Amino acid sequence: MKIGELAQAAQCTVETVRYYEKESLLPEPARTSGNYRDYSELHLERLSFIRNCRALDMTHQEIRALLQLMDQPEDNCHSVNNLLDAHIEHVSVRIQELLKLETQLKTLRQQCQSEQAVQDCGIVQGLNNMEVSNTPERHTHLG
């Protein structure tokens, strides 16, 4: 199939297909005599797998590791379990960070309870006076 057909079948864009090829997550396809990319069902399966992983917020590094493990189908899945456990931990940390962020935003929102001039807005004043050092450092795999 051509790149547009692959993208449509995987419900993504042509640019996404090219990007995953560039990132070496998707193997290069064969070429037709007219030098068009010629994708197979294997490409569609792999692209769908990548997209499913991305839907779970996995990084390209995690996906690459999973793909390498999939290329060894007879091996034990212990490494897959470890990778997913680590990703779950990253998600848990991120949830805690987002809960803290939500609290900060709600506190900030309480600074302005009525419509007034922007210069008198408690939210704007709070943002002006907020110290950046109070921003929590992110410790997730996303950086």
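These lines cover the structure that appears in this document, whether it is placed above or below. Nothing here was measured: the structure is a model prediction, and the numbers come from that model.

Describing the packing of helix 1 (residues 3-10) against helix 3 (residues 41-55)
No. 1: Direction vectors running N to C along helix 1 and helix 3 enclose 45 degrees, while the axes themselves pass 10 Å from each other. Compared by their axis directions, helix 1 and helix 3 come out oblique. The interaxial crossing formed by helix 1 with helix 3 has right-handed handedness. Side by side, helix 1 and helix 3 meet where Leu6, Ala9 and Ala10 of the first sit next to His43, Leu44, Leu47 and Arg51 of the second.
No. 2: When its residues are assigned to classes, the contact of helix 1 with helix 3 shows five nonpolar, one polar and one charged.

Quick word on the state of the cysteines
No. 1: By the definition in use, this model includes zero disulfides.
No. 2: For Cys121, which is in no disulfide, the shortest distance to another cysteine sulfur is to Cys112 and amounts to 3.7 Å.
No. 3: Relative accessible area serves as the criterion here: at 13%, Cys121 is assigned to the buried category.

Some words on the packing of helix 3 against helix 4 (residues 60-70)
No. 1: Relative to each other, helix 3 and helix 4 sit at 140 degrees, their axes nearing to 10 Å. Our classification of the angle between helix 3 and helix 4 gives oblique. Taken as a pair, helix 3 and helix 4 cross one another with a handedness that is right-handed. Listed contacts from helix 4 to Arg46, Phe49, Ile50, Cys53 and Arg54 of helix 3 are His60, Ile63, Leu66, Leu67 and Met70.
No. 2: Grouping the amino acids of the contact of helix 3 with helix 4 by side-chain chemistry returns seven nonpolar, one polar and two charged.

Rules behind the numbers
Residues numbered from 1 in each chain as written. Predicted model: local features only at pLDDT ≥ 70, side-chain atom pairs only at ≥ 80, totals over all residues. Heavy atoms only, no water. Axes fitted to C-alpha atoms, helices over the stretch in contact; angles between N-to-C directions. Helix = DSSP H or I, 4+ residues; strand = E, 2+ residues; numbered from the N terminus. Parallel < 35°, antiparallel > 145°, perpendicular 65-115°, else oblique. Left-handed = near helix turned anticlockwise from the far one by under 90°. Contact = heavy atoms within 4.5 Å. Nonpolar A, V, L, I, M, F, W, Y, C, P; charged D, E, K, R; others polar. Disulfide = S-S within 2.5 Å. Buried < 20%, exposed > 50% of the residue type's maximum accessible area, 1.4 Å probe, protein only.

As far as function goes, none of this settles anything; it's purely spatial.
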